[in-house]
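# Architecture and fold: a report
Residue strings, one per chain:
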Amino acid sequence: MSQAQTQGSNSFILTITLVATLGGLLFGYDTAVINGAIEALKVFFVTPLESDHALALQVIGEYKIIISLCFVVVSLLVSSFMFRMYGKKKGMIYSGIVIVAGIIVWYTQFWVSVNEISENTLNSINGFTISSAIIGCIIGGSIGGYVSQNIGRKRGLVLAAVLFIISAIGSAMPEIMNVFGAGTITSFIFYRIIGGMGVGIASMLSPMYIAEIAPANIRGKLVSWNQFAIIFGMLVVYFVNYIIASSGDDGWLNEIGWRYMFASETIPAIIFLVLLYFVPETPRFLIMKSREEEAKTLLNKIVGSEKAPGLLVDIKESLKENNAPWLTFGGLIIVIGILLSVFQQFVGINVVLYYASEIFRNMGSDTDTSLLQTILVGAINLIFTVLAIYTVDRFGRKPLMIIGGIGMGICMFALGFAFYFNQLGLVALFAMLGYVAFFAMSWGPVTWVLLSEIFPNSIRSAMSMAVAAQWIANMIVSWTFPMMNDNSWLTNQFNHGFTYWLYGAMGLLSALFVWKVVPETKGKTLEEMGRLWKK
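As the structure is a prediction and not an experimental result, all values here were calculated from the model.

## Brief notes about the overall build of the protein
Each helix and strand in the protein was counted, giving 24 helices and zero strands. Taken against the 2.2 N^0.38 rule, which gives 24 Å for 535 residues, the C-alpha radius of gyration of the protein at 23 Å falls within 12% of a compact globule. For the C-alpha atoms alone, the extent of the protein along its principal axes is close to 75 × 50 × 45 Å. Here the protein holds 535 residues, and 59% of them are scored as buried. Contacts in the protein between residues at least 24 apart in sequence constitute 85% of all its contacts with a sequence separation of at least 6. Accessible surface, the protein as shown: approximately 20,800 Å² in total, 67% of it carbon and sulfur. Of the charged side chains in the protein, 32 are positive and 30 negative; the average position of the first set lies 16 Å away from that of the second.

## Considerations on empty space enclosed by the protein
Here the structure, examined in full by the defined rule, presents five cavities of 30 Å³ or more. In this structure, the largest cavity encloses a volume near 130 Å³. Phe27, Gln227, Gln344, Gln345 and Asn350 are, among the 15 residues lining the largest cavity, the residues nearest its centre. Residue assignment for the lining of the largest cavity shows that the elements contributing at least two residues are helix 9 (219–245), helix 15 (332–346), helix 16 (349–362) and helix 21 (463–485). By residue number, the principal contributor to the lining of the largest cavity is helix 9, which donates four residues. Per-class residue counts for the lining of the largest cavity are nine nonpolar, six polar and no charged.

## Describing a nonpolar patch on the surface
A surface patch of nonpolar side chains, amounting to about 750 Å² of accessible area, comprises Ile267, Ile270, Ile271, Val274, Leu275, Tyr277 and Phe278. Note on placement: Phe278 falls in the loop between helix 11 (266–276) and helix 12 (283–288). For Phe278, a relative accessible area of 62% gives the class exposed.

## Things to note about the environment of Asn126
Relative to the assigned elements, Asn126 resides in helix 5 (residues 119–131). The exposure class assigned to Asn126 is buried, which follows from its relative accessible area of 5%. As a C-alpha pair, Asn126 and Phe45 span 81 residues in sequence and 8.2 Å in three-dimensional space. Excluding residues that lie within four positions of it along the chain, Asn126 makes contacts with Lys42 and Val46.

## Topic: the packing of helix 18 (residues 397–420) against helix 23 (residues 498–517)
Where helix 18 meets helix 23, the axes come as close as 7 Å, and the angle between the chain directions of the two elements is 165°. Here helix 23 runs roughly antiparallel to helix 18, going by the angle between their axes. Crossing of helix 18 against helix 23: the hand is left-handed.

## A closer look at the nonpolar core
Residues Phe128, Trp258, Phe262, Leu340, Tyr435, Trp443 and Phe455 are the most contacted members of the largest nonpolar core, which totals 162 residues. When neighbours within four sequence positions are excluded, Phe128 is seen to be in contact with Tyr63, Ile66, Ile67, Cys70, Ile135, Ile189, Met475 and Trp479.

## Here's the deal with unusual backbone geometry
With a phi close to 60°, Ser290 is a non-glycine residue in the positive phi region. Position of Ser290 relative to the elements: it lies in the loop between helix 12 and helix 13 (292–303).

## So, the pattern of salt bridges
Where charged atoms from two side chains of opposite charge come close, those side chains can pair. All chains considered together, the criterion is met by five salt bridges. Of the charged contacts, one joins Arg153 and Glu212 as a salt bridge, the two residues approaching to 2.7 Å between their closest N and O atoms. Taken together, the residues Arg153 in helix 7 (residues 153–172) and Glu212 in helix 8 (residues 184–213) connect sequence positions 59 residues apart. A salt bridge links Glu453 to Arg397; the nearest nitrogen and oxygen atoms lie 2.5 Å apart. Of this pair, Glu453 sits in helix 20 (residues 445–454) while Arg397 sits in helix 18, and the two are 56 residues apart along the sequence. Assigned by exposure class, Glu453 and Arg397 land together as buried.

## Comments concerning the packing of aromatic side chains
Inspection of the entire model under this criterion finds 28 aromatic pairs. Within the aromatic cluster, the residues linked to one another by ring pairs are Phe417, Tyr420, Phe421, Trp489, Phe494, Phe498 and Trp501. Here the guanidinium or amino end of Lys516 rests over the ring plane of Trp515, the centre of that ring lying 4.3 Å away.

## Here we look at the side chain of Thr447
Among the secondary structure elements, Thr447 is positioned in helix 20. In this structure Thr447 comes out as buried when scored by relative accessible area, which is 0%. In this view, Thr447 contacts Leu340, Gln344, Met401, Ser442 and Gln470; residues no more than four positions away in its chain are not counted.

## Considerations on the packing of helix 15 against helix 20
Viewed as axis vectors pointing N to C, helix 15 and helix 20 meet at an angle of 165°, and their least axial separation amounts to 10 Å. The orientation of helix 15 with respect to helix 20, classified from their angle, is roughly antiparallel. Where helix 15 crosses over helix 20, the two elements pack in a sense that is left-handed. From helix 15, Ile333, Ile336, Gly337, Leu340, Ser341 and Gln344 reach across to helix 20, where they touch Thr447, Trp448, Leu450, Leu451 and Ile454. Across the contact of helix 15 with helix 20, the residue classes break down as seven nonpolar, four polar and no charged.

## Quick look at the environment of Lys301
Note that Lys301 resides in helix 13. Residues Lys301 and Gly198, spaced 103 residues apart in sequence, show a C-alpha to C-alpha distance of 30 Å.

## Details of the side chain of Arg259
Here Arg259 is to be found in helix 10 (residues 250–263). Residue Arg259 is classed as buried on the basis of its relative accessible area, which comes to 16%. Not counting chain neighbours up to four residues away, the residues in contact with Arg259 comprise Phe44, Ala172, Met173, Pro174 and Glu175.

## Comments concerning helix 23
Taking 1.5 Å of rise per residue, the 20 residues of helix 23 would be expected to cover 28 Å, and the 29 Å separating its terminal C-alpha atoms lies within 8% of that figure. Taken together, the buried positions of helix 23 are occupied by Thr499, Tyr500, Trp501, Tyr503, Gly504, Gly507, Ser510, Ala511, Phe513 and Val514.

Rules used throughout
- Residues numbered from 1 in each chain as written.
- Predicted model: local features only at pLDDT ≥ 70, side-chain atom pairs only at ≥ 80, totals over all residues.
- Heavy atoms only, no water.
- Helix = DSSP H or I, 4+ residues; strand = E, 2+ residues; numbered from the N terminus.
- Rg over C-alpha atoms; globule rule 2.2 N^0.38 Å.
- Buried < 20%, exposed > 50% of the residue type's maximum accessible area, 1.4 Å probe, protein only.
- Contact = heavy atoms within 4.5 Å.
- Areas by Shrake-Rupley, 256 points an atom, 1.4 Å probe, with all protein chains shown as cover.
- Lys, Arg positive; Asp, Glu negative; His and termini not counted.
- Charge placed at Lys NZ, Arg CZ, Asp CG, Glu CD.
- 1 Å grid on protein atoms, 1.4 Å probe; cavity = no way out; pocket = protein on both sides within 12 Å on 5 of 7 lines; lining within 4 Å.
- Points joined across faces, edges and corners; volume = space filled by probe spheres on them.
- Nonpolar A, V, L, I, M, F, W, Y, C, P; charged D, E, K, R; others polar.
- Patch = residues over 30% accessible without salt bridge, like charges linked within 9 Å, V, L, I, M, F, W, Y side chains within 5 Å.
- Salt bridge = Lys/Arg side-chain N within 4 Å of Asp/Glu carboxyl O.
- Axes fitted to C-alpha atoms, helices over the stretch in contact; angles between N-to-C directions.
- Parallel < 35°, antiparallel > 145°, perpendicular 65-115°, else oblique.
- Left-handed = near helix turned anticlockwise from the far one by under 90°.
- Core = buried A, V, L, I, M, F, W, Y, C linked by side-chain atoms within 4.5 Å.
- Phe/Tyr/Trp six-rings, centres within 6.5 Å; stacked < 30°, edge-to-face > 60°.
- Lys NZ or Arg CZ within 6 Å of the ring centre and 35° of its normal.
- Expected span 1.5 Å × (residues − 1).

Set out below in structure tokens:
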């Protein structure tokens, strides 16, 4: 028997990991493509509302309906989580409380208040148009557990690839692809939500797939490659956006150029769809579906014939309670999963990634310069993600997360003061780049490593709740940033500094949370994590 058969094939593991990380690349591509189109979308969709009263009333009406439908969908998803955690009786009570509270907030803070064309309404519509994909991410992340349990990890990624393709074409041509006969902006939002569903599914299934394929000793490194792929996807689209923006003047970009930005996503999405045909399903899903021989053959390739039988027994043992109630291991694991996700967003990273070009314009840069500076942000993000990949299995998860949280907090406070005192030169630039570096070496990749590790096999689908929470937090941050950043009163008082101080405080809180609550998972098998939580 050859050494490769005895010990497993590293080349085989690496190959299928790289294919799975394309889901992460598309995640990054889809979420960052909006960066280069923010100003164009505002000019194309929102600015005409200021002078066309009839169009504005139509858009406000459709906007209110879209938000209300999104509220209904998210409420149903939250209710399904309550049932999975508490069972039918308690689940019905708790979901009822959440829905009633949500209805009160929706009616008083949204339905009644959004009836006229005002600065806040236009900022809200603009913010939602930019961040609408995140509604799809919430839906995709929420159903990710169901998809992974029923159609599998591999087929779930195939579904995500198809959604990416539909979204890319529809977002680029919202008039032609307008299947509802609604306004063009509504059609655009619909296809961005479709793409978001693909992102939500991929954001859960790509790291889950890699974690279930990877041996324990290199799992942190391989799952971190998914984050590298996300950042690489962002960097690629920053270059694509810059090239497209340089191909014409601002008028061309605002009318035509932004369409090419969204359409460009079809290329990596089709490549991903084709390559998925050649990768296997994960051994844990195969065993779950009683396909033991296939799982055994695959485990021989992954860990070698010596370790495969023992791992096969461990997996079968851990899956005896397959699809168990989510509170089987207590509530702390759920709380940790949700708060890891929420803090990853509340530190403000997607404000930097989505609005980097806008922030640089606030610093005084023109469109081309701001897009070039955005590429620099992407490059720093990529470099320091590589640092995390090579240290996460050596130093552990907790030290990186604590250092990253403190570093992000300091940099965000510095950026806020740079805006407040109008010192928008190198200090502001270095503060932003430092913030990105600290995030990339810690909360960016390591959060996904922890989320893919902490949930035992029997409640693996509970990861969907943490992923959904992440996207809800992302939505809150992305939607509220333009509302706070463009608010006249806040700007007069703090000169754009207030929001960055808020994110800085969250960075420091995130470090405290990891230090006090989160367990170290370095070197433990997924089966050992189940035994850890049982203790």
